[in-house]
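A look at the structure
One letter stands for each residue in the lines below.
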Amino acid sequence: MAAGVYIHIPFCRSRCSYCDFATDIYRDSKVVARYVDALCRELRATGFGGRSHTPESNSPRVGPDDPALINTIYFGGGTPSLLSPTQVEQVLDAVRERFELSSDSEITMEMNPATVTPETLAAFRDLGVNRASFGVQTFNDRDLKLLARGHDANDARETFRMLREAGFANISFDLIAGLPGQTMTDWKVNLDEAIRMSPEHISLYLLEIHKDTPLAEQVRSGRRRPIDDELAAEMYEVMLEKLAEAGYKQYEISNFARPGSESRHNTKYWYLDPVFGFGVSAHSFDGQRRYANQRDTSKYVSMIEASETAEVEREDVDLASEYAFLGLRLEAGIDLAEYEHRFGYGLHERFGDALDELMHCGLTEISAGRLRLTRRGKLFSNEVFAVFV
Ligand code: SF4
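Residues numbered from 1 in each chain as written. Predicted model: local features only at pLDDT ≥ 70, side-chain atom pairs only at ≥ 80, totals over all residues.

With respect to the overall build of the chain
From N to C terminus, the chain includes 15 helices and 17 strands. At 21 Å, the chain has a C-alpha radius of gyration in line with the 21 Å of a compact globule built from 389 residues. Considering only C-alpha atoms, the chain reaches an extent of 55 × 55 × 40 Å along its principal axes. Counting across all 389 residues of the chain, residues that qualify as buried make up 40%. Expressed as a percentage of contacts within the chain between residues at least 6 apart in sequence, the contacts between residues at least 24 apart total 69%. (Helix = DSSP H or I, 4+ residues; strand = E, 2+ residues; numbered from the N terminus. Rg over C-alpha atoms; globule rule 2.2 N^0.38 Å. Buried ≥ 20, exposed ≤ 12 C-beta atoms within 10 Å, placed from the backbone. Contact = placed C-beta atoms within 7 Å.)

Comments concerning the environment of Ala-2
Mapped onto the elements of the fold, Ala-2 is located in the segment before strand 1 (3–9). The sequence separation of Ala-2 and Ser-102 amounts to 100 residues, and the corresponding C-alpha distance is 8.5 Å. Setting aside anything within four residues of it in sequence, one finds Ala-2 in contact with Leu-69, Ile-70, Asn-71 and Ser-102.

Here we look at the site of the ligand
The environment of the ligand is formed by Cys-12, Arg-15, Cys-16, Cys-19, Phe-21, Thr-23, Gly-77, Gly-78, Thr-79, Asn-112 and Gly-135. Taken together, the residues that form the shell around the ligand break down as four nonpolar, six polar and one charged. (Near = placed C-beta within 6 Å. Nonpolar A, V, L, I, M, F, W, Y, C, P; charged D, E, K, R; others polar.)

Regarding unusual backbone geometry
Here the amide bond leading from Gly-77 into Gly-78 is cis, since omega sits at 20°, within 30 degrees of zero. In this structure, Gly-78 sits in the loop between strand 4 (69–77) and helix 2 (85–98). Even without a glycine there, the phi angle at Ala-148 is positive, about 55°. When you line up the elements, Ala-148 lands in the loop between helix 4 (141–146) and helix 5 (153–165). Residue classification places Ala-148 among the partly exposed residues on the basis of 14 C-beta atoms within 10 Å.

Notes on the pairing of strand 16 (residues 364–367)
Here strand 16 pairs with strand 17 (residues 370–373) via four bridges, running antiparallel. Paired with Thr-364 across the bridge in strand 17 is Leu-373. (Pairing = 2+ DSSP bridges.)

Here's the deal with helix 6 (residues 184–197)
Along its 14 residues, helix 6 runs 20 Å from first to last C-alpha, staying within 8% of the 20 Å computed at 1.5 Å per residue. Within helix 6, burial applies to Trp-187, Asn-190, Leu-191 and Ala-194. The arc that holds the buried residues of helix 6, viewed along the axis, is 95°, so those residues lie on one side. Exposed residues on helix 6 whose side chains face more than 90 degrees from its buried face are Thr-185 and Arg-196. Summarising the contacts, the buried residues of helix 6 are in contact with strand 6 (131–137), strand 7 (171–177), strand 8 (201–206) and helix 8 (229–245). Ser-198 sits one or two residues past helix 6 and shows a positive phi near 60°. (Expected span 1.5 Å × (residues − 1). Arc of directions from axis to C-beta.)

Some remarks on the sheet that holds strand 17
Two strands in a sheet stick together by hydrogen bonds in their backbones, pointing the same way (parallel) or opposite ways (antiparallel). Spatially, the three strands line up as an open sheet ordered 15-17-16, and their pairing is antiparallel. The open sheet has two free edges, formed respectively by strand 15 (334–335) and strand 16, since each of these has just one partner strand.

Observations regarding the domain arrangement of the chain
For the chain, the assigned domains are domain 1 (3–270) and domain 2 (320–388). One C-alpha centre belongs to domain 1, the other to domain 2, and the line joining them spans 28 Å. Each side of the interface is counted separately: domain 1 has seven residues, and domain 2 has seven residues. For the side of domain 1 that touches domain 2, the secondary-structure elements that each account for two or more residues are helix 8 and strand 9 (249–252). A per-element tally of the side of domain 1 that touches domain 2 places strand 9 first, with three residues. (Domains from an automatic or database assignment.)

Quick word on the packing of helix 11 (residues 319–329) against helix 15 (residues 381–388)
Taken N-terminus to C-terminus, the directions of helix 11 and helix 15 make an angle of 165°; their axes are 8 Å apart at the nearest point. Judged on the interaxial angle alone, helix 15 and helix 11 are roughly antiparallel. Pair helix 11 / helix 15 crosses with right-handed handedness. When helix 11 is examined against helix 15, the residues Ser-321, Ala-324, Phe-325 and Leu-328 are found in contact with a partner set consisting of Val-384, Phe-385 and Phe-388. The residue inventory of the contact of helix 11 with helix 15, partitioned by class, reads six nonpolar, one polar and no charged. (Axes fitted to C-alpha atoms, helices over the stretch in contact; angles between N-to-C directions. Parallel < 35°, antiparallel > 145°, perpendicular 65-115°, else oblique. Left-handed = near helix turned anticlockwise from the far one by under 90°.)

As structure tokens, then:
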């Protein structure tokens, strides 16, 4: 089984009003260069993967069956497209020193509008980056201001054009629904424009208002009113219909793709395949345990420079539970026979009455030996998943 590698780049040009990720403002290129050096050092010293450990490695981790082989790399953030091509090359070289990269690997980079040029995009392509996860969010300038995204809709259109010109044939849009003040008409206009641009993949997020963010403060003070749950549910329904009509297949609760363009990297998380994460706040899963790195960037860099591990948490995973609720996120659902084969007992033996209750409420259904969310179950997915945690 091939694993995946996740690389976290925490830097952004500015901070969006809804963001609660571990991010840092890109102020000083020397800080970024130092971070990239630390990241490469962490990669070369890691206990994950099958190649010999360097003397610096002090993290005795166990890898998957064929630990050296990976077939996906994902640069996430933050805004990884703020890195220079030379820095991306540095990181990819460090990955290749530690892991065997399959020749047909999917290499994704998260990119935000107005953070790239035709030259940097061409250089990223030459380095092997073959998928762009593009942070469009909305084509409505009023909403982009509300989100403090630091770009307008024309920047998104122009960056998309540059991506195509640079040869990116696999582009995913991130869209956010449920913004304060957003109407159904706004949402339909957004979807129609996204569909007209015809990316290969679309990810939808319903806006969550996290406490201690500027947006939460605007809502608390009454300056913004969140939309109600009913409208958010209708937006999700409209999205299902419009994307299906346009030929996108829903393969996960928030993800839609043209056939063959599903995200190979993200699919690993839903099937509990190993993914090794590097960088500040990165998480790893080796098939048994989950590991988390330090969340503060300057502490992360200091720890790595002192030849310490950046790992600050490690926990055993309840695989039978996670396999169930992650499997339900997928359109394919859970293969009940496969579940029993994998864990030695049936899903019903483990979750019994709760499972019956979900079926009874019309939130899940069984067909062809698979348990799936119904359309209604997708709208109440958090309630369903809570049963398995
Ligand atoms: S671009 Fe993404 S990571 Fe950066 S501040 Fe905005 S939401 Fe947060």
